[in-house]
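The lines below spell out each chain.
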Amino acid sequence: MGPPILSAVDLDKSYHSGSAELVVLRECSFALANNERVAIVGQSGVGKSTLLHLLAGLDRADSGEIRFGDRDVHAMGEIDLARFRNRHIGMVFQFYHLLPEFSARENVMMPLLIAGEATGAPARADELLAEVGLEERGHHFPSELSGGERQRVAIARALARGPEVVLADEPTGNLDHENGLRVMEVFERVHARHQTAMVLVTHNQELVSGFDRVLRMGPGGQLEQTDQEAPR
Ligand SMILES: Nc1ncnc2c1ncn2[C@@H]1O[C@H](COP(=O)(O)OP(=O)(O)O)[C@@H](O)[C@H]1O
Ligand SMILES: [Mg+2]
């Protein structure tokens with residue numbers, strides 16, 4: 001494994017409600033190499049989404065570090081952090097999180113518009129929609145698309161700025177088997193074409209057979225390599 005592109009070092013994360021403290025991650029460490037694909041499996045509630053959100057800089061740990069290359073992600077202020085996420089991290093969620101009042105094409109353009117890159121945005125969006133097999137559907141609104149199609153739009157959006165890392169939280173969790181397979185095929189193609197490193201949380205280990213590593217998250221966010229990994 002080369003030097004990590006993204007790593008977590010000794011993360012602690014607890015949630016508090018009233019006087020109760022729920023410790024989710026305790027000294028959780030993780031490193032993702034350039035171009036590497038890692039799947040994380042584990043029981044519901046164990047802390048998989050929490051780790052992904054911390055890796056993305058969407059939430060802050062109580063202690064520990066997130067490093068992207070040689071940058072300390074959690075040391076950035078909110079504006080720098082938003083800019084960093086927009087440029088370097090593509091997020092894909094179980095429930096797509098598309099903006100309902102915008103077309104598929106506009107949703108894919110959004111990260112480019114936010115970054116002030118309006119000029120090439122329509123062409124880039126069309127190119128990415130073609131890549132996920134939706135070249136004919138750019139003008140459709142999310143409500144006019146199936147779940148699998150919405151997720152493919154979300155993947156195209158995640159790629160808009162050419163991020164080095166895609167973080168996907170149960171991206172097939174809301175899809176039937178066939179559409180789940182299609183979404184995984186799209187991820188496969190994306191990886192082959194863009195060399196995007198990927199962390200994907202899933203309940204379905206069958207879908208990640210080509211991944212470099214499959215890690216199981218246990219209590220406290222401890223990550224252990226499973227023997228499921230099947231390098232090609
Ligand atoms: N914002 C929050 N406030 C309080 N508890 C939370 C919050 N987010 C997650 N949790 C709790 O933290 C634990 C881990 O959640 P999560 O990371 O979503 O697990 P997973 O993604 O593995 O299902 C769960 O017990 C969940 O209920
Ligand atoms: Mg989750």
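Placed above this text is the structure.
Treat the numbers as computed from the prediction; the structure is a model and nothing was measured.

## With respect to the packing of aromatic side chains
Turning to step 1, where the next piece is worked out: Overall, the coordinates contain one aromatic pair when judged by the stated rule.
Turning to step 2, where the next piece is worked out: Ring centres 5.0 Å apart and planes at 80° place the aromatic pair F68 and F84 in the edge-to-face group. Of the two residues, F68 sits in strand β4 (residues 63-68) while F84 sits in helix α2 (residues 78-88), which places them 16 residues apart along the sequence. You'll find F68 and F84 in the same group, each marked buried.

## Remarks on the side chain of H88
Turning to step 1, where the next piece is worked out: Tracing the chain through its elements places H88 in helix α2.
Turning to step 2, where the next piece is worked out: Excluding anything up to four places from it in sequence, H88 contacts F68, R71, P163, E164 and V165.

## Some details on the sheet that holds strand β10 (residues 223-225)
Turning to step 1, where the next piece is worked out: Ordered by their spatial adjacency, six strands build an open sheet running β6-β7-β8-β3-β9-β10, and the pairing between neighbours is mixed. Either end of the sheet is taken by a strand with one partner, and the two such strands are β6 (89-92) and β10. The mean angle between the axes of side-by-side strands here comes to 20°, regardless of whether they run parallel or antiparallel.
Turning to step 2, where the next piece is worked out: Of the strand pairs in this sheet, strand β7 (residues 165-169) and strand β8 (residues 197-201) are connected by five bridges, and their pairing is parallel. By the bridge assignment, A168 is partnered in β8 with L200.
Turning to step 3, where the next piece is worked out: Sheet strands in contact with helix α6 (residues 177-194) are β3 (37-41), β6, β7 and β8, and its direction is about 160° off that of β8.

Procedures and definitions
Residues numbered from 1 in each chain as written. Chains lettered and ligands numbered in written order. Predicted model: local features only at pLDDT ≥ 70, side-chain atom pairs only at ≥ 80, totals over all residues. Heavy atoms only, no water. Phe/Tyr/Trp six-rings, centres within 6.5 Å; stacked < 30°, edge-to-face > 60°. Helix = DSSP H or I, 4+ residues; strand = E, 2+ residues; numbered from the N terminus. Buried < 20%, exposed > 50% of the residue type's maximum accessible area, 1.4 Å probe, protein only. Contact = heavy atoms within 4.5 Å. Pairing = 2+ DSSP bridges. Axes fitted to C-alpha atoms, helices over the stretch in contact; angles between N-to-C directions.

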